[in-house]
Amino acid sequence: MKCPKCKTTDLHPTKMEPGLSGMGCNECHGIFVSLLYYRDWAEQFFSNALDHEQTASISSEEIENTHAAMGCPKCSRLMTKYRISSDHTNRLDLCANCDEAWLDKGEWSLLKALNLGSKMPAVFTEQWQRQVRLQVTEENRRQRFVGILGEDVVTEADKVREWMRGNPQRSQVLLYLGYE
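Described in the following lines is the structure provided in the data block. (Residues numbered from 1 in each chain as written. Predicted model: local features only at pLDDT ≥ 70, side-chain atom pairs only at ≥ 80, totals over all residues. Heavy atoms only, no water.)

**Thoughts on the pattern of salt bridges**
Then, in step 1: Across all of its chains, the model carries 12 salt bridges by this definition.
Then, in step 2: Close ionic contact of Arg141 with Glu138 constitutes a salt bridge, the shortest N to O distance being 2.6 Å. Taken together, the residues span about one helical turn, with Arg141 and Glu138 both in helix α4 (residues 126–149) at a distance of three residues.
Then, in step 3: Exposure remark for Arg141: the relative accessible area of 26% places this residue in the partly exposed category.
Then, in step 4: A salt bridge links Arg161 to Glu138, with the nearest nitrogen and oxygen atoms 2.9 Å apart. A residue pair is termed long-range when its members are at least 10 positions apart, and Arg161 in helix α5 (residues 151–165) and Glu138 in helix α4 qualify at 23 residues.
Then, in step 5: A relative accessible area of 32% means that Glu138 is categorised as partly exposed. (Salt bridge = Lys/Arg side-chain N within 4 Å of Asp/Glu carboxyl O. Helix = DSSP H or I, 4+ residues; strand = E, 2+ residues; numbered from the N terminus. Buried < 20%, exposed > 50% of the residue type's maximum accessible area, 1.4 Å probe, protein only.)

**Brief notes about the packing of α4 against α5**
Each packed pair of helices is defined by two parameters, the angle between the axes and the distance between the axes.
Then, in step 1: Look at α4 against α5: their axes get within 7 Å of each other, and the N-to-C directions meet at 130°. With respect to each other, α4 and α5 are oriented oblique. Facing Glu138, Arg141, Arg142, Phe145, Val146 and Leu149 of α4, the residues of α5 in contact are Glu151, Val153, Val154, Thr155, Asp158 and Arg161.
Then, in step 2: Each residue belonging to the contact of α4 with α5 can be placed in one class, and the counts come to five nonpolar, one polar and six charged. (Axes fitted to C-alpha atoms, helices over the stretch in contact; angles between N-to-C directions. Parallel < 35°, antiparallel > 145°, perpendicular 65-115°, else oblique. Contact = heavy atoms within 4.5 Å. Nonpolar A, V, L, I, M, F, W, Y, C, P; charged D, E, K, R; others polar.)

**Observations concerning the nonpolar core**
The tendency in soluble globular proteins is for nonpolar side chains to be buried side by side.
Then, in step 1: Counting residues in each nonpolar core, the largest one holds 22 residues, and the members touching the most others are Tyr38, Leu103 and Met120.
Then, in step 2: Secondary-structure elements contributing two or more residues to this core are β3 (31–34), α1 (35–48), β4 (80–85), β5 (88–95), β6 (100–103), α2 (107–113) and α3 (120–123).
Then, in step 3: In terms of residue count, the dominant contributor to this core is α1 (four residues).
Then, in step 4: When residues no more than four places from it in sequence are discounted, the contact partners of Tyr38 are Leu20, Val33, Trp108, Leu116, Gly117, Ser118, Lys119, Met120 and Pro121.
Then, in step 5: Within the second largest apolar cluster, 10 residues are counted, among which are Cys25, Cys28, Met70 and Met79. (Core = buried A, V, L, I, M, F, W, Y, C linked by side-chain atoms within 4.5 Å.)

**What about the sheet that holds strand β2 (residues 20–24)?**
Then, in step 1: Spatial ordering of the open sheet is given by β1-β2-β3-β6-β5-β4, a layout of six strands whose pairing is antiparallel. Where the open sheet ends on each side, the last strands, each with one partner, are β1 (12–17) and β4. Neighbour to neighbour, the strand axes of the sheet diverge by 35° on average, direction disregarded.
Then, in step 2: The pairing of β5 with β6 spans three bridges and is classified as antiparallel. Bridge pairing in β6 places Cys95 opposite Glu100. (Pairing = 2+ DSSP bridges.)

**A word on the environment of Glu27**
Then, in step 1: Here Glu27 lies in the loop between β2 and β3.
Then, in step 2: Residue Glu27 is classed as exposed on the basis of its relative accessible area of 57%.
Then, in step 3: Residues Glu27 and Ser109, spaced 82 residues apart in sequence, show a C-alpha to C-alpha distance of 18 Å.
Then, in step 4: Sequence-distant contacts of Glu27, that is, excluding residues within four places in its chain, are made with Cys6 and Thr9.

**Looking at the pairing of β3**
Then, in step 1: Neither face of β3 is exposed, since Ile31 and Val33 on one face and Phe32 and Ser34 on the opposite face are all buried.
Then, in step 2: Examined bridge by bridge, β2 and β3 share two bridges and lie antiparallel to one another. Opposite Met23, over in β3, you have Phe32 as the bridge partner.
Then, in step 3: Between β2 and β3, which pair antiparallel in sequence order, lie six residues; one of them, His29, sits at a positive phi of approximately 65°.
Then, in step 4: Pairing geometry for β3 and β6, over four bridges, is antiparallel. Note that in β6 the partner of Ile31 across the bridge is Leu103.

This is the structure in structure tokens:
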């Protein structure tokens, strides 16, 4: 199999974690991983582990992100990109036909740093992607208001908003605030 990013480099067996292998590229350092093997590994590893995932630190310089569409090294079909989180622009590539994922250099470390090492398949769900889109939309909306009102005013408004969210008399407080 050839690397979907480099196109000419052969993929070779690579250890991602003890008991978890993938097919890695020596040029771009990406990894092609079978979600079937991953699920088996995660089930065994995390059911036997006494501790939950350890948060790892990672430098953004160590993480790459392929923006172009890539073909699956197995079946050549286009892989679909799935955003990891609203705080990171990285996208994991999934071949739904082969149930295999491509992780660019550093994305496995990023998943572990975000405590998602045991939950990678969740990233590929519509529910996960919907939540990421909602978070991105909310942050974009907040940043527009920061541009208009300034960070200090928006931060104070966020505090009031949070207080209002849990207030049982919310509607009456809003009526009071709207009355002039």
